[in-house]
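Coordinate analysis (summary)
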Amino acid sequence: MIYLAIDTSTMISTVTVADDKEIIGDFNVNQSKTHSESLVPMIENLLDLLGMKVADVDKFVIADGPGSFTGLRIGMTIAKTLAQVEKKDLLTISTLKAMAAGSISQRAKLALIDARATRVYAGLYDQNLEQIIPENLYEIDDLAKIVNEKGLEIEMIGLLNDKYFDKFERAFKAPINLNNCIGKNLIRLAQEEGLEARPLYEISPNYLRKSQAEREFKKK
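- By the naming in an unreviewed UniProt entry, the chain goes by Universal bacterial protein YeaZ and is assigned to Anaerococcus lactolyticus ATCC 51172.

Spelled out as structure tokens, the structure:
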């Protein structure tokens, strides 16, 4: 079984290829180009280096959010197109859960993604990746209060660790290798969780909130 995982939830474009036993290719690029410019060439280049074609992929895996609205749309569109053309399954996995899956510490895992201003997308998970605090959009002070009331040691995972570290009690920062580039985690979850593929028309990004355009339209 060959898996190809994609993540465009943040500024980093990620493409990871694996078989049933190991990761065999992994590209992660944080650059000025948009995902629409970089993602397809990354897929093509990685498969070429591996001596493979898109048709060799048995299952596609996509991080479906939350995260960047534009990034999620681009990644989802490309993943759905590849799955449709090749008539293969597309599996979807939460970006926050995939972030948390990289940690093997005994602490609760707090995955954080910037939602601008003082808001964050966040979820708190236990060792089995069960949600202690549900994935949602939070004001950072509200989230800190909820997390601190749990009284748990937490490992903060993401690129906001330095910015918000002081708001959390009993907090530890995840090492740099866990904070992004989650393609390997997507592969792991796709293999371990027995995910069932859904019809492609049912799959869409999980934004967790309306886009700015939708919010402005509602105001009018």
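With respect to the nonpolar core
- Among the nonpolar cores identified, the biggest contains 29 residues, and Val61, Ile93, Leu96, Met99 and Leu186 are the most heavily contacted of them.
- Elements supplying a minimum of two residues to this core: β1 (3–7), β4 (59–63), α2 (69–86), β5 (89–93), α3 (95–100), β6 (108–114), β7 (119–125) and α6 (183–192).
- Of the domains in this structure, domain 1 (3–96 + 180–218) and domain 2 (104–178) are the two that each give at least three residues to this core.
- Apart from residues lying up to four places away in sequence, leucine 96 is in contact with Gly65, Pro66, Ala111, Leu112, Ile113, Tyr121, Ala122, Gly123, Tyr125 and Glu135.
- With 22 residues, the next largest nonpolar core counts Ile6, Val15, Ile62 and Ile78 among its residues.

Some thoughts on the sheet that holds strand β2 (residues 12–18)
- Taken together, the five strands give an open sheet; going across it, the order is β3-β2-β1-β4-β5, and neighbouring strands pair in mixed fashion. A strand with exactly one partner marks an edge of an open sheet, and here the two such strands are β3 (23–30) and β5. Direction aside, neighbouring strands of the sheet carry axes that sit 15 degrees apart on average.
- When β1 meets β2, the two strands line up antiparallel, connected through five bridges. Pairing of leucine 4 across the sheet is with valine 17, part of β2.
- Packed on one face of the sheet, helix α1 (residues 35–49) meets β1, β2 and β3 and runs near 25 degrees to β2.

A word on α2
- A rise of 1.5 Å per residue sets the reference length of α2, with its 18 residues, at 26 Å; its end C-alpha atoms lie 26 Å apart and thus fit the reference within 8%.
- Its buried side turned inward, α2 meets β1, α1, β4, β5 and β7.
- Phi turns positive, to about 55 degrees, at lysine 87, one or two residues after α2.

Cut-offs used in this document
- Residues numbered from 1 in each chain as written.
- Predicted model: local features only at pLDDT ≥ 70, side-chain atom pairs only at ≥ 80, totals over all residues.
- Heavy atoms only, no water.
- Core = buried A, V, L, I, M, F, W, Y, C linked by side-chain atoms within 4.5 Å.
- Buried < 20%, exposed > 50% of the residue type's maximum accessible area, 1.4 Å probe, protein only.
- Helix = DSSP H or I, 4+ residues; strand = E, 2+ residues; numbered from the N terminus.
- Domains from an automatic or database assignment.
- Contact = heavy atoms within 4.5 Å.
- Pairing = 2+ DSSP bridges.
- Axes fitted to C-alpha atoms, helices over the stretch in contact; angles between N-to-C directions.
- Expected span 1.5 Å × (residues − 1).

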